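Residues per chain are reported as follows:
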Amino acid sequence: MIYWVLKNFFLGPVLKVLFRPWTKGLDNLPVDGPAVLASNHLSFSDSIFMPLMVPRPVVFLAKSDYFTGKGLKGRLTAAFFRLTNQLPMDRSGGAASANSLSTGVEVLKAGGLLGIYPEGTRSPDGRLYRGKVGVAKLVLTANVPVIPVAMIGTDKVQPIGRRIPSIRRLGIIFGEPMDFSRYQGMAEDRFVQRSVTDEIMYELMRISGQEYVDSYASTVKEKLAAEKAAKSTKADAAAQRPAAQQPQASAHDAVRIEPPAPLAPGTISIVGGKTAPTQDTPLPTGASVHEAHPAAAEGHGPAPALKPRRSGRP
């Protein structure tokens, strides 16, 4: 009841006016009966805008962390997710994940629409990542069709880490239904699970136009977080290092400047030119004064007479 009121009277009309979401392929959604809506996952707001544009109620399997937050913020977040028809999904694996999937199967057997993100988490960079086989287990166990859903532009509306969304237009594409009844009775076959999951991800890649990465998004996120933590730790260690331990320039790093060679008495230094010999210094054999003095060599007149400097008064 609260979900219907929020969608049709309070939250829904406001979001439609502000963000003007466009849709394509709404006629691919079944008028009644169960189906799995398998969507790419770019933003926290995907779980708001996609159900908003689907005429029928959509139940989402959402990350269980959203339901276990501490403090006032945590309780408000959990209340919001419950009021918007979302159920906790344990992604730790094993029995906990199996129980979460069984809850989804119950929704499908009751004839409802179940939304799920095959990637398991939001894309860290806007690309489409490898799907997890949970979606295949759901589809094969309940024997229902899959509607691939491509969210367009929600990563620009609310990127990871941004709390307040930007007001800009976004889109949703609903692909044609996918039938996997040919695998009926093979829900526990891991090769079939991977084949079904990859087929769904290929269709998501096709209708969304995203680049596909054959790695799990959660693995990439963990790697990025580890690299960021390592850089932060290194920077903190460098900042806390005492000044005495900071790298210092050694004597070997210094540049040695040799003192200029002493000039002979009576030598005249010309900046930018060659040093001219004095009268006391004989010219090399075969050389002339013009060759010894640049001014004479360049045709600026005769070379000046060079006289040795004498000590004492004139």
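For the structure, check the block above.
As the structure is a prediction and not an experimental result, all values here were calculated from the model.

Draft legend 1. Up close: the pattern of salt bridges. Summed over all chains, the structure comprises seven salt bridges. Glutamate 211 serves as the salt-bridge partner of arginine 127, at 3.6 Å between the closest nitrogen and oxygen. You can see arginine 127 sitting in the loop between β5 (113–116) and β6 (128–129) and its partner glutamate 211 sitting in the loop between α7 (190–208) and β9 (212–213), a full 84 residues away along the chain. We classify arginine 127 as partly exposed; its relative accessible area is 28%. Residues aspartate 198 and arginine 194 are paired through a salt bridge, measuring 2.9 Å at the closest nitrogen-oxygen approach. Residue aspartate 198 and its partner arginine 194 are both found in helix α7; the two are separated by four residues, about one turn of the helix. The structure contains a network of salt bridges with shared partners spanning Asp125, Arg127 and Glu211.

Draft legend 2. Looking closely at the side chain of arginine 56. Structurally, the position occupied by arginine 56 is in the loop between α2 (46–53) and β3 (58–63). If we ignore the near neighbours within four places in the chain, the residues touching arginine 56 are Lys7, Pro30, Val31, Asp32, Gly33, Gly111, Gly112 and Leu113.

Draft legend 3. Layout of the nonpolar core. Among the nonpolar cores identified, the biggest contains 29 residues, and Val36, Val146, Phe180, Val196 and Ile200 are the most heavily contacted of them. Breaking this core down by element, the ones donating at least two residues are β2 (35–39), β3, α4 (94–109), β5, α5 (134–142) and α7. Not counting the four nearest positions on each side in its chain, valine 196 is found in contact with Ala136, Leu140, Phe180 and Tyr183. If you look at the next biggest cluster of nonpolar residues, it comprises 21 residues, including Met50, Tyr117, Ile147 and Met151.

Draft legend 4. Representation of the packing of helix α1 (residues 2–19) against α2. Between α1 and α2, the shortest axis-to-axis distance is 10 Å and the interhelical angle comes to 105°. Comparing their axes, α2 and α1 come out roughly perpendicular. Seen from α1, the contacting residues are Tyr3, Lys7, Gly12, Leu15, Lys16 and Phe19; seen from α2, they are Ile48, Phe49, Pro51, Leu52 and Met53. Looking at the contact of α1 with α2 residue by residue, the classes come out as eight nonpolar, one polar and two charged.

Draft legend 5. Region of the structure containing the sheet that holds strand β4 (residues 86–89). Read across the open sheet, the seven strands follow the order β1-β8-β7-β2-β5-β3-β4; overall the sheet is mixed. Because the sheet does not close on itself, it has two edges, and the strands there are β1 (22–24) and β4. Adjacent strand axes in the sheet meet at a mean angle of 25° when their direction is disregarded. Against the sheet, α7 makes contact with β2, β7 (146–152) and β8 (171–174), and its axis sits at roughly 40° relative to β7, the strand it touches most.

Draft legend 6. Local environment of the pairing of β3. Counting buried positions along β3 yields five of six residues, so the element is predominantly enclosed. The pairing of β3 with β5 spans three bridges and is classified as parallel. By the bridge assignment for β5, valine 59 is matched with leucine 114. When β3 meets β4, the two strands line up parallel, connected through four bridges. Looking at β4, one finds that lysine 63 is bridged to methionine 89. The handedness of the β3 to β4 crossover, carried by helix α3 (residues 71–83), is right-handed.

Draft legend 7. Inspection of the packing of aromatic side chains at higher detail. Inspection of every chain in the model, using the stated rule, returns three aromatic pairs. Measuring from centroid to centroid gives 5.3 Å for tryptophan 4 and phenylalanine 9, while their planes differ by 65°, and the two rings are edge-to-face. One residue, lysine 132, lies across the ring of tyrosine 216, its end atom 5.9 Å from the ring centre.

Draft legend 8. Local environment of the environment of arginine 163. Within the element layout of this structure, arginine 163 appears in the loop between α6 (154–157) and β8. Owing to a relative accessible area of 70%, arginine 163 belongs among the exposed residues under this scheme. Spatially, the C-alpha atom of arginine 163 lies 9.3 Å from that of phenylalanine 44, the residues being 119 residues apart in sequence. The residues touching arginine 163, leaving out its near neighbours within four places in the chain, are Lys73 and Gln158.

Draft legend 9. The arrangement of α5 in detail. In terms of burial, α5 is a largely internal element, seven of the nine residues being buried. One or two residues past the end of α5 sits asparagine 143, with phi positive at roughly 55°.

Thresholds, definitions, all that
- Residues numbered from 1 in each chain as written.
- Predicted model: local features only at pLDDT ≥ 70, side-chain atom pairs only at ≥ 80, totals over all residues.
- Heavy atoms only, no water.
- Salt bridge = Lys/Arg side-chain N within 4 Å of Asp/Glu carboxyl O.
- Helix = DSSP H or I, 4+ residues; strand = E, 2+ residues; numbered from the N terminus.
- Buried < 20%, exposed > 50% of the residue type's maximum accessible area, 1.4 Å probe, protein only.
- Contact = heavy atoms within 4.5 Å.
- Core = buried A, V, L, I, M, F, W, Y, C linked by side-chain atoms within 4.5 Å.
- Axes fitted to C-alpha atoms, helices over the stretch in contact; angles between N-to-C directions.
- Parallel < 35°, antiparallel > 145°, perpendicular 65-115°, else oblique.
- Nonpolar A, V, L, I, M, F, W, Y, C, P; charged D, E, K, R; others polar.
- Pairing = 2+ DSSP bridges.
- Right-handed = clockwise from strand over helix to strand, strands pointing away.
- Phe/Tyr/Trp six-rings, centres within 6.5 Å; stacked < 30°, edge-to-face > 60°.
- Lys NZ or Arg CZ within 6 Å of the ring centre and 35° of its normal.

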